[in-house]
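As a plain string of letters, each chain reads:
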Amino acid sequence: FSQEGKICLPVCLPGAHICNITNELLKLSAADCAKVSDLVILGGGNNVQNQKDHHETLRELDDLCEVIIKKFPHSKILIFNILPRAPPKLVKRKADFKAFLERFKHVNNYIRYLCGANGFRFVDCISHLTTATGGLKKYSNEVLNERKGLFNPDCIHLSLKGTSVIAKVAMGMIYKPW
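Conventions adopted
- The residue count restarts for each chain, going from 1 along the sequence in the order it is written.
- Residue-level local features of this predicted model are given only where pLDDT is at least 70; pairs of side-chain atoms are given and counted only at 80 or more, and the full residue set underlies all totals for whole chains, interfaces and linings.
- Values shown for side chains rest on all heavy atoms present in the structure; no hydrogens or waters enter the calculation.
- Any two strands are treated as partners once DSSP identifies two or more bridges connecting them.
- Elements are defined by DSSP. Helices are runs of H or I of four residues or more, strands are runs of E of two residues or more, and each kind is numbered from the N terminus.
- With axes taken as lines fitted to C-alpha atoms, and helix axes fitted only over the stretch in contact, angles between N-to-C directions fall between 0 and 180 degrees.
- Between 65 and 115 degrees an angle is taken as roughly perpendicular, under 35 as roughly parallel, over 145 as roughly antiparallel, and anywhere else as oblique.
- Should the near helix be turned counterclockwise from the far one by less than a right angle, the crossing is left-handed, whereas a clockwise turn marks it as right-handed.
- Working rule for contacts: check all heavy atoms of both residues, and any pair within 4.5 Å makes them a contact.
- Helix span is expected to be 1.5 Å times the residue number reduced by one.
- Counting of polar contacts relies on pairs of N or O atoms within 3.5 Å, with two restrictions inside protein: one atom must be capable of donating a hydrogen and the other of accepting it, and residues adjacent in sequence are counted only when both atoms are side-chain atoms.
- Side-chain classes follow a simple rule in which Ala, Val, Leu, Ile, Met, Phe, Trp, Tyr, Cys and Pro form the nonpolar group, Asp, Glu, Lys and Arg form the charged group, and the remainder, Gly included, forms the polar group.
- Three exposure classes are used, based on accessible area relative to the maximum for each residue type with a 1.4 Å probe and protein chains only: buried under 20%, partly exposed in between, and exposed over 50%.
- Note that the arc is computed from the directions linking the helix axis to the C-beta atoms.
- Cavity: a set of points on a 1 Å grid over the protein atoms alone where a 1.4 Å probe fits but cannot get out. Pocket: an open set with protein on both sides within 12 Å along at least five of seven lines, its lining residues, like those of a cavity, having an atom within 4 Å of a point.
- Grid points are joined across faces, edges and corners, and a volume is the space filled by probe spheres set on the points.
- Here pLDDT means the predictor's own confidence in every residue, given as a number from 0 to 100.
- What counts as a disulfide here is a pair of cysteine sulfur atoms lying within 2.5 Å.

What about the sheet that holds strand β4 (residues 76–80)?
Phase 1 of the analysis: Taken in spatial order, the 3 strands of this open sheet run β3-β4-β5, and their pairing is parallel. Each edge of the open sheet carries a strand with a single partner, namely β3 (38–41) and β5 (121–123). The average undirected angle you get between the axes of adjacent strands in this sheet is 20 degrees.

Listed below in structure tokens is the structure:
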């Protein structure tokens, strides 16, 4: 959509990794990048879930930030942390799930750091997708179900209601004074 000559170009990359987002941004022309007033990055957890070594994820995040800085120097940048998730198959393998949670936490902390270091806005979506009792901290399917339908039954993808919550958060952050 566009407003006053500025554009918002939604790009959906199901199953993608951070490097795929970086590559899509690299494809944009300088003229198109100059028209982008707000750039919002909301990633899933494919990197964290599928890579045993989170250092590769951190390198991909560094590359993404480098591209954002070069291609969008005058845009407001909003980056969400990785959405919480608890894939049932992974939850059943307790040691694997524990390692996943550690990677998840480390990568989200690094995203927060990169945002601060580069003048981007960091959005902690976890706080918007958990129960008032802090249920996410328990990382169980029962807790995910307490989130009142914000996730699809796979406990990975947002439902329409969850997507609406995140969209409202993004819009609030974009229009909040920088």
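Quick look at the packing of helix α4 (residues 54–71) against helix α6 (residues 94–118)
When two helices pack together, their arrangement is captured by the angle between the axes and the distance separating the axes.
Phase 1 of the analysis: Contact geometry for α4 and α6: axes closest at 10 Å, N-to-C directions at 20 degrees. As far as their axial angle goes, α6 and α4 are roughly parallel. Judged by the sense of rotation from one axis to the other, the crossing of α4 with α6 is right-handed. Residues H54, T57, L58, L61, D62, C65 and I69 of α4 form the contact with α6, whose participating residues are R103, H106, V107, Y110, I111, L114 and N118.

Notes on helix α8 (residues 160–175)
Phase 1 of the analysis: Taking 1.5 Å of rise per residue, the 16 residues of α8 would be expected to cover 22 Å, and the 22 Å separating its terminal C-alpha atoms lies within 8% of that figure.
Phase 2 of the analysis: Here the buried face of α8 lies against β3, β4 and β5.

Topic: the environment of S37
Phase 1 of the analysis: Secondary-structure assignment places S37 in the loop between α2 (30–34) and β3.
Phase 2 of the analysis: Note: C-alpha distance between S37 and I174 (137 residues apart in sequence) is 9.8 Å.
Phase 3 of the analysis: At 3.0 Å, the side chain of S37 and the side chain of D38 are in polar contact.

Remarks on the packing of helix α1 (residues 18–27) against α4
Phase 1 of the analysis: Across the interface, α1 lies against α4 with an axial gap of 9 Å and an inter-helix angle of 15 degrees. Viewed along their axes, α1 and α4 adopt a mutual orientation that is roughly parallel. In this structure, α1 meets α4 at a crossing whose hand is left-handed. Each of I18, C19, I21, T22, L25 and L26 in α1 lies in contact with α4, whose residues at this interface are T57, E60, L61, D63, L64, V67, I68 and K71.
Phase 2 of the analysis: Partitioning the contact of α1 with α4 into residue classes produces 9 nonpolar, 2 polar and 3 charged.

Brief notes about α1
Phase 1 of the analysis: Along α1, the positions that sit buried rather than exposed are I18, I21, T22 and L25. Down the axis of α1, the smallest arc covering the buried residues is 100 degrees, so these residues share one side.

Considerations on the pairing of β4
Remark: a regular strand shows side chains that alternate across the two faces of the sheet.
Phase 1 of the analysis: Within β4, 4 of the 5 residues are buried, which leaves it mostly tucked inside the rest of the structure.
Phase 2 of the analysis: Sheet analysis places β3 next to β4, joined by 4 bridges and oriented parallel. Looking at the pairing, V40 lines up with L78 of β4.
Phase 3 of the analysis: Of the pairings in the sheet, the one linking β4 to β5 comprises 3 bridges and is parallel in character.

Description of empty space enclosed by the protein
Phase 1 of the analysis: Across all of its chains, the model carries 1 cavity of 30 Å³ or more by this definition.
Phase 2 of the analysis: In this structure, the largest cavity occupies an estimated 30 Å³ of space.
Phase 3 of the analysis: Around the largest cavity, the lining residues are L61, L64, C65, I79, I111, L114 and C115.
Phase 4 of the analysis: Secondary-structure elements contributing two or more residues to the lining of the largest cavity are α4 and α6.
Phase 5 of the analysis: Of the residues contributing to the lining of the largest cavity, the split by class is 7 nonpolar, no polar and no charged.

Focus on the confidence of the model for the protein chain
Phase 1 of the analysis: The share of residues in the protein chain with pLDDT of 70 or more is 78%, and the mean pLDDT across the chain is 78.
Phase 2 of the analysis: Note that pLDDT drops below 50 for residues 134–147; the model gives that stretch 22 contacts with residues more than four away or on any other chain.

Observations regarding the state of the cysteines
Phase 1 of the analysis: Within the structure shown, the criterion is met by 0 disulfides.
Phase 2 of the analysis: Lacking any disulfide linkage, C65 is separated from the closest cysteine sulfur, that of C115, by 6.5 Å.
Phase 3 of the analysis: Of the residues examined, C65 reaches a relative accessible area of 5% and is grouped as buried.

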